[in-house]
Amino acid sequence: TGRADRVVGTTALAGTANLTADPAWELPDGSGTIEAIVFQSETAPFNPCLFSVRQTPAITRISLHASANGTQLFFWNGAQAAVWDTPVSTIGRRSHLAFVFDADTVTAYFDGTSLGTQNVPLGASFGLPAQIAAADPDGLERLPGSLDELVIYEDPLGPETILAHAT
């Protein structure tokens, strides 16, 4: 029906964690939605990671980032990146972010509004650890700030649902 009926992961942890990812977190069929409330407290010396299923920069399924200055969002699949400009900086403000994966495309949402769709599929690797607010198990690209209400859906959420969650 186009709506997600099953949540496959949710947490309120902040900071790096070398979590054993549930296979469903890897969105094995190539579709699903990852959303969270993010507060980036300051400019970072790198593009801070929000959530990743990744071992090293080259072994990646999912790596979601904000830019160092909070004006862009990124999805890195280990080989290529999708980049979106945000309407305002994520620094010093609470932002609802969502990434919808469907048929080798990814759409980013900022506070319930679509920033556009790009043709970047999920990475090819499976069986990797998951991190919250960091890019790898060693805390690479740690988010300065906090991340809450991280939810992983096994299906792509529609724009109306994402807007409802953001509001």
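Predicted model only: the values in this text are computed from it and were never measured.

## Examining the confidence of the model for the chain
Predicted coordinates in regions of low pLDDT should not be interpreted in detail.
Reasoning step 1: Here the chain averages 88 in pLDDT, and 88% of its residues register 70 or above.
Reasoning step 2: Low pLDDT (under 50) marks residues 1-15, which in the prediction has 35 contacts with non-local residues, meaning those over four places away or in another chain.

## Focus: the packing of aromatic side chains
Reasoning step 1: Within the structure shown, the criterion is met by 2 aromatic pairs.
Reasoning step 2: Note on Phe 75 and Phe 101: the rings are 5.0 Å apart at their centroids and 70° apart in plane angle, and the pair reads as edge-to-face. Within this pair, whereas Phe 75 is found in strand β6 (residues 72-76), its partner Phe 101 is found in strand β8 (residues 94-102), the two being separated by 26 residues in sequence.
Reasoning step 3: Ring geometry for Trp 84 versus Phe 99: centroids 6.0 Å apart, planes at 65°, classification edge-to-face. Taken together, the residues Trp 84 in strand β7 (residues 81-85) and Phe 99 in strand β8 connect sequence positions 15 residues apart.

## Description of the pattern of salt bridges
Reasoning step 1: Under the defined criterion, the tally for this structure stands at 2 salt bridges.
Reasoning step 2: Measuring nitrogen to oxygen at the nearest pair gives 2.9 Å for the salt bridge that ties Asp 111 to Arg 93. Taken together, the residues Asp 111 in the loop between β9 (105-110) and β10 (113-118) and Arg 93 in the loop between β7 and β8 connect sequence positions 18 residues apart.

## Thoughts on the side chain of Thr 90
Reasoning step 1: Topologically, Thr 90 is positioned in the loop between β7 and β8.
Reasoning step 2: Here Gln 40 takes part through its side chain, which lies 3.0 Å from a polar atom of the side chain of Thr 90.
Reasoning step 3: Setting aside residues no more than four positions away along its own chain, Thr 90 makes contact with Gln 40, Ala 66, Gly 70, Ser 95 and Phe 110.

## Overview of the sheet that holds strand β5 (residues 59-66)
Reasoning step 1: The 6 strands lie next to each other as β2-β11-β4-β5-β6-β7, forming an open sheet whose pairing is antiparallel. Of all the strands in the sheet, just β2 (19-20) and β7 have a single pairing partner and so form its edges.
Reasoning step 2: Here β6 pairs with β7 via 5 bridges, running antiparallel. Pairing of Phe 74 across the sheet is with Val 83, part of β7.

## What about empty space enclosed by the protein?
Reasoning step 1: Per the stated rule, a full pass over the model turns up 1 cavity of 30 Å³ or more.
Reasoning step 2: Counted as a void, the largest cavity has a volume near 50 Å³.
Reasoning step 3: Secondary-structure elements contributing two or more residues to the lining of the largest cavity are β3 (32-40), β4 (49-56), β8 and β12 (145-153).
Reasoning step 4: For the lining of the largest cavity, the leading source of residues is β3, giving 4 residues.

## A short note on the nonpolar core
Nonpolar side chains in soluble globular proteins tend to be buried together.
Reasoning step 1: With 31 residues, the main nonpolar core has Ile 34, Leu 50, Phe 51, Ile 62, Phe 75, Phe 99 and Phe 101 as its most contacted residues.
Reasoning step 2: Contacts of Phe 51, omitting those with residues within four sequence positions, involve Ile 34, Ile 62, Ser 63, Leu 64, Ala 130, Gln 131, Ile 132, Ala 133, Leu 150 and Ile 152.
Reasoning step 3: Counting 7 residues, the second largest nonpolar core, distinct from the first, contains Ala 98, Val 100, Val 151 and Leu 157.

## Some points on the environment of Thr 167
Reasoning step 1: When you line up the elements, Thr 167 lands in the segment after α1 (159-166).
Reasoning step 2: Each C-alpha atom of the pair Thr 167 and Asp 111 lies 7.7 Å from the other, and the pair is 56 residues apart in sequence.
Reasoning step 3: At 3.2 Å, the side chain of Thr 167 and the backbone oxygen of Ala 164 are in polar contact.

Parameters and conventions
- Residues numbered from 1 in each chain as written.
- Predicted model: local features only at pLDDT ≥ 70, side-chain atom pairs only at ≥ 80, totals over all residues.
- Heavy atoms only, no water.
- pLDDT = per-residue confidence, 0-100.
- Contact = heavy atoms within 4.5 Å.
- Phe/Tyr/Trp six-rings, centres within 6.5 Å; stacked < 30°, edge-to-face > 60°.
- Helix = DSSP H or I, 4+ residues; strand = E, 2+ residues; numbered from the N terminus.
- Salt bridge = Lys/Arg side-chain N within 4 Å of Asp/Glu carboxyl O.
- Polar contact = N/O pair within 3.5 Å; in protein donor to acceptor, adjacent residues only side chain to side chain.
- Pairing = 2+ DSSP bridges.
- 1 Å grid on protein atoms, 1.4 Å probe; cavity = no way out; pocket = protein on both sides within 12 Å on 5 of 7 lines; lining within 4 Å.
- Points joined across faces, edges and corners; volume = space filled by probe spheres on them.
- Core = buried A, V, L, I, M, F, W, Y, C linked by side-chain atoms within 4.5 Å.
- Buried < 20%, exposed > 50% of the residue type's maximum accessible area, 1.4 Å probe, protein only.

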